[in-house]
Amino acid sequence: MLLRLPTSLSEARRCLADGAVPVGGATLVWAQWQRDGFPEQAVSLRRLPEANAVDAQTLGAAVLLHQVDERVPEVLRRAAASIGTGAVRRTATVGGNIVGSTLRCLLPPALVLDARATVMDGDGPYEAELAEVVAKRPLMLDIRWRSPLVSGYYKAPGEAGGPPPLVVATAVHAEKDGGRRLLTAVRDGDEVLSGSVPATADAGRVLDALEGTALGGLPGEARDVVRREVADVLGRADA
């Protein structure tokens, strides 16, 4: 297998045009390739500057999970720190978790940040909704988001090899009209659901409004966790 390491977008585009398969941190694909056979060519973005950005509004797809730090919102930082073991976080990438993984622990945080992805095909980079990224699994360069007023993240305890643990991500954003909006996303099993409602001063009404979104169909225990996490983030937004 030939591993290609582009250092520019034009080189990365040529790799895709030549049929190179994205490898990410190889934590997810290596076992599959050992079982099914290795591709002739693979492409890693670890030397591509655009895929290694970390700042207040951008996180590159080639960034290793252990490199996700205080430069990004709390919800993303805590999510990255909760994934796997230290050894996994020193190898696995942001793009691999969102695009290549079935667990996608970073997807709920990205959703509540109202993030969009920059992806690339043989014609070059373009912006895409996260739903398209999950469905089509393109080569992702980065995610970009709106900076929230506050955010929060909860991940239930889980056992290795067991069912995916419950994940609840929350964020409160300022609106252009002076109001605020609450975004909440939940991974329940293999499904990711999200809801968006105005974040008024009345926390009870906000929680009731969430019941009218897709989150209203969650099991009772998960809904209790959502209500607790939402109450916490709303309290911090008002502090």
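Not measured: the values here are computed from a predicted model. Residue numbers here run from 1 along each chain, matching the order of that chain's written sequence. Reporting in this predicted model follows two pLDDT cut-offs: at least 70 for local features of residues, and 80 or more for side-chain atom pairs to be given and counted; totals over whole chains, interfaces and linings ignore these cut-offs and use all residues. For the side-chain quantities, the full set of heavy atoms in the structure was used; hydrogens and water were omitted.

**Student:** For this particular structure, what's the right way to read the packing of aromatic side chains?
**Tutor:** One pair of aromatic rings is described through two measures. These are the centre distance and the angle between the planes. Each Phe, Tyr or Trp ring (for Trp, its six-membered ring) is paired with any other whose centre lies within 6.5 Å, and the angle between the two planes then decides the class: stacked below 30 degrees, edge-to-face above 60, tilted in between. Taken as a whole and assessed by the stated rule, the structure comprises zero aromatic pairs. Here Arg-228 stacks its cationic end above the ring of Tyr-154, 4.8 Å away from the centre of that ring. Criterion for a charge above a ring: Arg CZ or Lys NZ at most 6 Å from the ring centre, at most 35 degrees from the ring normal.

**Student:** Mind showing me how you'd approach the side chain of Arg-104 here?
**Tutor:** Runs of E in the DSSP output that reach at least two residues are strands. Runs of H or I that reach at least four are helices, and both are numbered from the N terminus. Tracing the backbone through its elements, the reader meets Arg-104 in the loop between α5 (94-100) and α6 (107-112). The classification of residues rests on relative accessible area computed with a 1.4 Å probe and restricted to protein chains. Under 20% of the type maximum is buried, over 50% is exposed, and intermediate values are partly exposed. Charge assignment: positive for Lys and Arg, negative for Asp and Glu; neither His nor the chain ends contribute. Each reported salt bridge corresponds to a side-chain nitrogen of Lys or Arg within 4 Å of a carboxyl oxygen of Asp or Glu. Asp-190 provides the closest opposite charge to the buried, salt-bridge-free Arg-104, at an N-O distance of 8.1 Å. Whenever a nitrogen or oxygen atom comes within 3.5 Å of another N or O atom, the pair is scored as a polar contact, on the condition that within protein one atom can donate a hydrogen and the other can accept it, and that pairs from neighbouring residues in sequence are kept only if both atoms are in side chains. At a separation of 2.9 Å, a polar atom in the side chain of Arg-104 contacts the main-chain carbonyl oxygen of Ile-98. Whether two residues touch is decided by their heavy atoms; if any such pair falls within 4.5 Å, the residues are in contact. If we skip the residues at most four places from it in the chain, Arg-104 touches Asn-97, Ile-98, Val-99, Val-134, Arg-137 and Arg-187.

**Student:** How do you make sense of the pattern of salt bridges when you look at a structure like this?
**Tutor:** A side chain with one charge can pair with a side chain of the opposite charge if their charged atoms come near. Applying the stated rule across the entire model yields 14 salt bridges. For Arg-236, the salt bridge is made with Glu-74, and the minimal N-O distance between the two is 3.3 Å. Taken together, the positions of Arg-236 in helix α9 (residues 220-238) and Glu-74 in helix α3 (residues 74-81) put the pair 162 residues apart, joining distant regions of the chain. A relative accessible area of 30% places Arg-236 in the partly exposed class. We classify Glu-74 as partly exposed; its relative accessible area is 22%.

**Student:** Would you explain the sheet that holds strand β2 (residues 21-22) in this entry?
**Tutor:** Backbone-to-backbone hydrogen bonds join strands into a sheet, with any given pair of strands oriented parallel or antiparallel. Here the rule is simple: two strands pair whenever DSSP picks up at least two bridges between them. Across the sheet, three strands lie side by side as β1-β3-β2; this open sheet has parallel pairing. At either end of the open sheet lies a strand with only one pairing partner, and these are β1 (2-4) and β2.

**Student:** Is there a simple way to explain the sheet that holds strand β6 (residues 116-121) in this structure?
**Tutor:** Spatial ordering of the open sheet is given by β4-β5-β8-β6-β7, a layout of five strands whose pairing is antiparallel. The sheet is open, and its two edges are formed by β4 (54-55) and β7 (124-128), each paired on a single side. Note that β4 and strand β5 (residues 58-60) share two bridges and pair antiparallel. Directly across from Val-54, in β5, lies its bridge partner Leu-59. Axis angles are defined between N-to-C directions and span 0 to 180 degrees, where every axis is a line fitted to C-alpha atoms and, for a helix, only to the segment in contact. Together, β6, β7 and β8 (139-144) form the strand contacts of helix α1 (residues 9-17), whose direction differs from that of β6 by roughly 60°.

**Student:** I would appreciate a short explanation of the nonpolar core in the present structure.
**Tutor:** Across soluble globular proteins, nonpolar side chains show a tendency to be buried alongside one another. Here, nonpolar core refers to any group of buried Ala, Val, Leu, Ile, Met, Phe, Trp, Tyr and Cys residues whose side-chain atoms link them within 4.5 Å. With 37 residues, the main nonpolar core has Leu-59, Val-94, Leu-106, Met-140 and Ile-143 as its most contacted residues. Looking at this core, the elements that each hand over two or more residues are α3, α5, α6, β6, α7 (130-136), β8, β10 (167-174) and β11 (180-188). With four residues, the single largest contributor to this core is α3.

**Student:** Got a minute to help me understand α3 in this structure?
**Tutor:** Side chains that are three or four residues apart share a direction in an α-helix, a result of its 3.6 residues per turn. Taken together, the buried positions of α3 are Val-75, Leu-76, Ala-79 and Ala-80. Buried positions in α3, seen along its axis, are confined to an arc of 125° and lie on one side of it. Close packing links the buried residues of α3 with β5, α4 (86-89), α6, β8, β9 (150-155) and β10. An arc is given here, and it is the one of the directions from the helix axis to the C-beta atoms.

**Student:** Would you explain the packing of helix α8 (residues 203-210) against α9 in this entry?
**Tutor:** If you want to describe how two helices pack, look at the angle between their axes and the distance between the axes. The contact between α8 and α9 brings their axes to 10 Å, and the two run at 140°. Put simply, α8 runs oblique to α9. Where α8 crosses over α9, the two elements pack in a sense that is right-handed. In contact with Ala-203, Val-206, Leu-207, Asp-208 and Leu-210 of α8, α9 contributes Val-226, Arg-227, Val-230 and Leu-234. A class-by-class count of the residues in the contact of α8 with α9 yields seven nonpolar, no polar and two charged. Orientation is classified from the angle alone, with under 35 degrees giving roughly parallel, over 145 giving roughly antiparallel, 65 to 115 giving roughly perpendicular, and any other angle giving oblique. We call a crossing left-handed when the near helix sits turned anticlockwise from the far one by less than a right angle, and right-handed when that turn is clockwise. Basically, the charged four are Asp, Glu, Lys and Arg, the nonpolar ten are Ala, Val, Leu, Ile, Met, Phe, Trp, Tyr, Cys and Pro, and anything else, Gly included, counts as polar.

Taken by themselves, the reported measurements are silent on function.
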